[in-house]
Amino acid sequence: MIDSNLISATILLAALGIVSAAALRGWNGWLQLKTRELEQRRPELEGGAPSGMARIEVADLKERIRKLEAIAAGVDL
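Residues numbered from 1 in each chain as written. Predicted model: local features only at pLDDT ≥ 70, side-chain atom pairs only at ≥ 80, totals over all residues. Heavy atoms only, no water.

Turning our eyes to something else, we now look at the pattern of salt bridges. Enumeration over the complete set of coordinates arrives at 3 salt bridges. Among the ionic pairs, K34 bridges to E37, the shortest N-O distance being 3.3 Å. In this pair, K34 and E37 are both assigned in helix α1 (residues 2-41), 3 residues apart and thus about one turn of the helix distant. A relative accessible area of 32% places K34 in the partly exposed class. Among the salt bridges present, the one from R64 reaches D60, with a minimum N-O distance of 3.4 Å. Residue R64 and its partner D60 are both found in helix α2 (residues 51-73); the two are separated by 4 residues, about one turn of the helix. Assessed through its relative accessible area of 37%, D60 is described here as partly exposed. (Salt bridge = Lys/Arg side-chain N within 4 Å of Asp/Glu carboxyl O. Helix = DSSP H or I, 4+ residues; strand = E, 2+ residues; numbered from the N terminus. Buried < 20%, exposed > 50% of the residue type's maximum accessible area, 1.4 Å probe, protein only.)

In short, geometric facts, not functional conclusions.
In structure tokens form, the structure reads like this:
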């Protein structure tokens with residue numbers, strides 16, 4: 001009786017290990033796919049965006065810095 005239970009437990013443990021390994025491999029593949037999708041969508045400021053967009057982004061950043069400096073100096077805008 002113990003041998004039969006031991007064999008059943010061993011088989012179930014091996015099956016669980018195989019299913020877990022397959023699920024982990026699938027999860028890693030899905031994460032790699034999503035990472036590639038995000039990298040393709042991310043525009044680069046200097047290479048991916050047109051020069052007009054890059055200038056607008058730089059101007060927006062300069063405006064934000066100016067406002068933060070005014071807040072730090074205690075000046076009301």
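So, next bit.
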